[in-house]
Amino acid sequence: MDDAEQWFRRGDELADEGGPAEAEALALLSAAVAAGHGPARARLAEFLLLQYSGADAASHSEALRLLGEAVAADVPGARNMLGVTLWDDGVLDDAEEHLRAAVAEGDPNAPVNLAGLLHQKGDDAEAFALLRQAAERGDGPAYWIVMRLLPRHGRAAREVAAAYESATSPHERPVCVLLPAGAWQLDPSVLPVD
């Protein structure tokens, strides 16, 4: 294993620890990035955006730059993360472009994120269609959202449940997904009529 990979792995572990380990995590992930390690770019960006106690406008700009480089290097998950970050920044059209590309690339986290963005933009019909497709392919969070929207004993709920169960094994299924009250209140006219 080369140094960059070791720096990446150790930096990743320390980043999750936080606290006193934060400075070392930052140094190790930065060293891995400097050595050209692609996934370290996305991990360092994630650290700067979500875990770094010294986060500020400069670290946010650095994270966006790193995500752009990670996307250019085809790092798995980077396009989805960039889309979500742009969405958080209020740059909705660019966020949608990146999330759509992430869905097209098969990123398993992207459909729910794109659906959330589309819901925010008022396109509940496409948001529901994405959620249902993801649920039927075995996406746990999408399944819980869809099943919360559909009438419990209706035909559509049975179809989604059957597809979800055939796409997953019992040990893969999440026990529960926490959804805030009022979350995912889609326009009822876009839901199937049972």
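Residues numbered from 1 in each chain as written. Predicted model: local features only at pLDDT ≥ 70, side-chain atom pairs only at ≥ 80, totals over all residues. Heavy atoms only, no water.

(A) Highlighting the overall build of the protein. When helices and strands are tallied, the protein shows 10 helices and 0 strands. Reading the secondary structure of the protein in the N-to-C direction produces α-α-α-α-α-α-α-α-α-α. The burial tally for the protein puts 42% of its 194 residues in the buried class. Of all intrachain contacts in the protein linking residues separated by at least 6 positions in sequence, the fraction that spans at least 24 positions is 51%. Entry remark: accessible area of the protein is about 10,100 Å², with carbon and sulfur atoms responsible for 53%. If the 15 positive side-chain charges of the protein are averaged to one point and the 32 negative ones to another, these points end up 7 Å apart. (Helix = DSSP H or I, 4+ residues; strand = E, 2+ residues; numbered from the N terminus. Buried < 20%, exposed > 50% of the residue type's maximum accessible area, 1.4 Å probe, protein only. Contact = heavy atoms within 4.5 Å. Areas by Shrake-Rupley, 256 points an atom, 1.4 Å probe, with all protein chains shown as cover. Lys, Arg positive; Asp, Glu negative; His and termini not counted. Charge placed at Lys NZ, Arg CZ, Asp CG, Glu CD.)

(B) Up close: the pattern of salt bridges. A complete count under the given rule lists 16 salt bridges for this structure. The salt bridge partner of R79 is E105, with a shortest N-O separation of 3.0 Å. Here the residue R79 occupies a position in helix α5 (residues 78-88), and E105 occupies one in the loop between α6 (92-104) and α7 (110-120), the gap between them amounting to 26 residues. Note on R79: relative accessible area 18%, which makes it buried. Residue E105 is classed as exposed on the basis of its relative accessible area of 55%. The partner of R100 in a salt bridge is E126, and the shortest N-O contact between them spans 2.7 Å. Linking R100 in helix α6 with E126 in helix α8 (residues 124-136), this pair joins segments that are 26 residues apart in sequence. Residues joined by salt bridges that share partners form a network here, namely D93, E96, R100, K121 and E126. (Salt bridge = Lys/Arg side-chain N within 4 Å of Asp/Glu carboxyl O.)

(C) Looking closely at the packing of helix α1 (residues 3-17) against helix α3 (residues 38-51). The interhelical angle for the contact between α1 and α3, taken along N-to-C directions, is 15 degrees, at an axis separation of 11 Å. In terms of their interaxial angle, α1 and α3 are classed as roughly parallel. The handedness of the crossing between α1 and α3 is left-handed. Where α1 abuts α3, its residues F8, D12, A15 and D16 lie against P39, A40, R43, F47 and Q51. Its residues assigned to classes, the contact of α1 with α3 shows 5 nonpolar, 1 polar and 3 charged. (Axes fitted to C-alpha atoms, helices over the stretch in contact; angles between N-to-C directions. Parallel < 35°, antiparallel > 145°, perpendicular 65-115°, else oblique. Left-handed = near helix turned anticlockwise from the far one by under 90°. Nonpolar A, V, L, I, M, F, W, Y, C, P; charged D, E, K, R; others polar.)

(D) Representation of the environment of I145. Checked against the element boundaries, I145 lands in helix α9 (residues 140-149). Given the relative accessible area of 3%, I145 is considered buried. C-alpha of I145 to C-alpha of P188: the two residues are 43 residues apart in sequence and 14 Å apart in space. I145 has contacts with V112, L131, L179 and W184, leaving out every residue within four places of it along the chain.

(E) Structural context of the confidence of the model for the protein. Taken over all residues, the pLDDT of the protein has a mean of 94, while the share at 70 or more is 99%. Here α9 is the element of the protein with the lowest mean pLDDT, 93, and α6 is the one with the highest, 98. (pLDDT = per-residue confidence, 0-100.)

(F) Representation of the packing of aromatic side chains. Evaluation of the coordinates by the stated rule reveals 3 aromatic pairs. Ring plane angle 80 degrees and centroid distance 6.1 Å describe the contact between Y143 and W144, whose orientation is recorded as edge-to-face. Taking relative accessible area as the criterion, Y143 reaches 13% and is therefore assigned buried. Each ring, one from Y143 and one from Y164, has its centre 4.0 Å from the other, and the planes form 10 degrees; the classification is stacked. Placement of the pair is Y143 in helix α9 and Y164 in helix α10 (residues 155-167), with a sequence separation of 21 residues. Here Y143 and Y164 have matching classes, each one buried. (Phe/Tyr/Trp six-rings, centres within 6.5 Å; stacked < 30°, edge-to-face > 60°.)

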